[in-house]
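# Working through the structure, step by step
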Amino acid sequence: MSYKSLIINPGSTSTKLGVFEDETLLFEETLRHSTDELKVFDTVVAQKDFRKKMITDMLSSKGFDIKSLDVIVGRGGLLKPIPGGTYAITDELIKDLTECKRGEHASNLGGLLAKEIADELGVPSFIVDPVVVDELDDVARLSGHPELPRTSIFHALNQKAVAKRYAKEVGKPYEELRLIVVHMGGGVSVGAHRDGKVVDVFNALNGDGAFSPERVGGVPNGELVKLCYSGKYTEAEMVKQLVGKGGYNAYLGTNDARDVEDLAFNKNDEKAKLVLDAFIYQVAKDIGAMSAVLEGKVDQIIMTGGIAYSKYTTGELIKKVGFISGVTVYAGEDELLALAQGALRVLNKEEEAKVY
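Read on for a plain summary of the structure.

About the cut-offs
- Residues numbered from 1 in each chain as written.
- Predicted model: local features only at pLDDT ≥ 70, side-chain atom pairs only at ≥ 80, totals over all residues.
- Heavy atoms only, no water.
- Salt bridge = Lys/Arg side-chain N within 4 Å of Asp/Glu carboxyl O.
- Helix = DSSP H or I, 4+ residues; strand = E, 2+ residues; numbered from the N terminus.
- Buried < 20%, exposed > 50% of the residue type's maximum accessible area, 1.4 Å probe, protein only.
- Expected span 1.5 Å × (residues − 1).
- Polar contact = N/O pair within 3.5 Å; in protein donor to acceptor, adjacent residues only side chain to side chain.
- Axes fitted to C-alpha atoms, helices over the stretch in contact; angles between N-to-C directions.
- Parallel < 35°, antiparallel > 145°, perpendicular 65-115°, else oblique.
- Left-handed = near helix turned anticlockwise from the far one by under 90°.
- Contact = heavy atoms within 4.5 Å.
- Nonpolar A, V, L, I, M, F, W, Y, C, P; charged D, E, K, R; others polar.
- Pairing = 2+ DSSP bridges.
- Phe/Tyr/Trp six-rings, centres within 6.5 Å; stacked < 30°, edge-to-face > 60°.
- Lys NZ or Arg CZ within 6 Å of the ring centre and 35° of its normal.

### Brief notes about the pattern of salt bridges
For the structure on display, the rule yields 28 salt bridges. Lys226 is paired through a salt bridge with Glu223; the nearest N and O atoms lie 3.6 Å apart. Of this pair, Lys226 and Glu223 both sit in helix 6 (residues 221-228), three residues apart, roughly one helical turn. A relative accessible area of 49% means that Glu223 is categorised as partly exposed. The structure contains a network of salt bridges with shared partners spanning Lys48, Asp49, Lys52, Glu116 and Glu120.

### Overview of helix 10 (residues 270-293)
Over its 24 residues, helix 10 extends 35 Å from the first C-alpha to the last, a length consistent with the 34 Å expected when each residue adds 1.5 Å. The residue sitting at the N-terminus of helix 10 and contributing the capping side-chain oxygen is Asp269; that oxygen lies 3.0 Å from the backbone nitrogen of Lys271. Two residues or fewer after helix 10 comes Glu295, characterised by a positive phi angle close to 55 degrees.

### Details of the packing of helix 9 (residues 257-266) against helix 10
Running from N to C, helix 9 and helix 10 point in directions that differ by 125 degrees, and their axes come no closer than 7 Å. Relative to helix 10, the element helix 9 is oriented oblique. Taken as a pair, helix 9 and helix 10 cross one another with a handedness that is left-handed. Side by side, helix 9 and helix 10 meet where Val260, Glu261, Leu263, Ala264 and Phe265 of the first sit next to Ala272, Lys273 and Leu276 of the second. Looking at side-chain class alone, the contact of helix 9 with helix 10 contains six nonpolar, no polar and two charged residues.

### A few points about the sheet that holds strand 11 (residues 327-331)
The mixed open sheet is built from five strands, whose spatial order is 9-8-7-10-11. Strands with a single pairing partner mark the edges of an open sheet, and in this sheet they are strand 9 (197-201) and strand 11. Direction aside, neighbouring strands of the sheet carry axes that sit 25 degrees apart on average. Pairing of strand 10 (residues 300-305) with strand 11, which is carried by five bridges, proceeds in the parallel orientation. Within strand 11, the position partnered with Met303 by the bridge is Val329. Set on the sheet, helix 10 makes contact with strand 7 (178-184), strand 8 (188-194), strand 9 and strand 10; between it and strand 8 the angle comes to about 20 degrees.

### Focus on the packing of aromatic side chains
What the rule picks out here adds up to seven aromatic pairs. The interplanar angle of 40 degrees and the centroid separation of 5.5 Å between the aromatic rings of Phe41 and Phe50 together place this pair among those described as tilted. Chaining the aromatic ring pairs together yields one cluster made of Phe211, Tyr248, Tyr251 and Phe279. When the ring centre of Tyr356 is taken as origin, the NZ or CZ atom of Lys80, which lies over that ring, is 4.6 Å away.

### Notes on the environment of Asp195
Take Asp195: it is sitting in the loop between strand 8 and strand 9. Residues Asp195 and Glu316 lie 121 residues apart in sequence; the distance between their C-alpha atoms is 29 Å. Residues contacting Asp195, with those up to four places away along its chain left out, are Glu175 and Leu177.

### Observations regarding the side chain of Ser107
Considering the arrangement of structural elements, one finds Ser107 in the loop between helix 3 (91-99) and helix 4 (108-121). Judged by relative accessible area, Ser107 falls into the buried class, the value being 8%. A polar contact is formed between the side chain of Ser107 and the side chain of His105, at a distance of 2.9 Å. Excluding residues within four positions of it along the chain, Ser107 makes contact with Pro10, Arg75, Gly76, Gly77 and Leu78.

### What to know about the packing of helix 10 against helix 11 (residues 311-321)
Orientation of helix 10 relative to helix 11, taken along the N-to-C sense of each, is 45 degrees, at an axis distance of 10 Å. As far as their axial angle goes, helix 11 and helix 10 are oblique. Here helix 10 and helix 11 pass one another in a crossing that is right-handed. In contact with Lys273, Leu276, Asp277, Phe279, Ile280, Tyr281, Val283, Ala284 and Ile287 of helix 10, helix 11 contributes Tyr312, Thr313, Glu316, Leu317, Lys320 and Val321. Here the contact of helix 10 with helix 11 is built from residues that sort into ten nonpolar, one polar and four charged.

### Considerations on the pairing of strand 6 (residues 125-128)
Note on strand geometry: in a regular strand, side chains alternate between the two faces of the sheet. Side-chain alternation along strand 6 places Ser125 and Ile127 on one buried face and Phe126 and Val128 on a second face that is also buried. Both strand 4 (residues 71-75) and strand 6 contribute to a ladder of four bridges, which runs parallel. Note that in strand 6 the partner of Gly74 across the bridge is Ile127. Relative to strand 6, strand 5 (residues 86-88) is paired through three bridges, and the arrangement is antiparallel. From the neighbouring strand, Thr86 faces strand 6, where its bridge partner is Val128.

Given below as structure tokens:
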């Protein structure tokens, strides 16, 4: 039996949609939302009906029969820490998304929209591997101070999707593989996958691991404290320096890795070449750290995300870490497909839906 799914991935100024039949994309669309359209809403959650109408209007304009859908899948939002997997959208999950207890973010709308549309059609609704997936070993939570615990915020959806893709290609259960997955995009996360869980990962958002095109990663904490109290920045400005204006942006004024390579190789900019190589150096160190977490028993290193399209970056990383294990590159990320696959695993009874 085949299943038709509607996938909803809300962003701050857009809503990405995909309609699949099993794993085959029938069509996709990105609905843009202007600042003027969104400024009338006091909160992100208040945008739900506006975005829902845009979704149903788009489907109608394409002549698509919404009643032919078998399942609706939304991008998971800022929920409490949960193990990875596909989750049925329950009332408790909806309550947490609506109240934004753990932060207000456009991704919170994914579950809300999926649930409402699915209930009207009488079909199931799910979220899959939200950024708050937390499967850390207890020992990985300690940072050095009890008021500053290490937390799990990373590219869970894409990391899990490419890990399972690799497992399927080599004909082994994901749960039996020991993998290091490296997601390189606007943020960077390097995770150790063991026994079907991400037992340690560098936090992609809040100051951990390598710097990225727009985030600082781990920085000297003594100097960070001095900068925070220097009077140079307000608290909000300081946060922006760490997430948004850090990394490539801070050094070179761009968050586009392609621009950095253009500066380094086509314009012979020595500073850009140094920053690029420092990025590669730091990511390689993160990979080495995760190989220690896995006690050197690494079945494969997987590189993914937009920066994985760079032959220079992946090639230089392979030179540094290829001694650990083989390396597979799945460039880019396909979040719509990953969400569809999560629902299919439940519908095809390969997994059971988890309850939030």
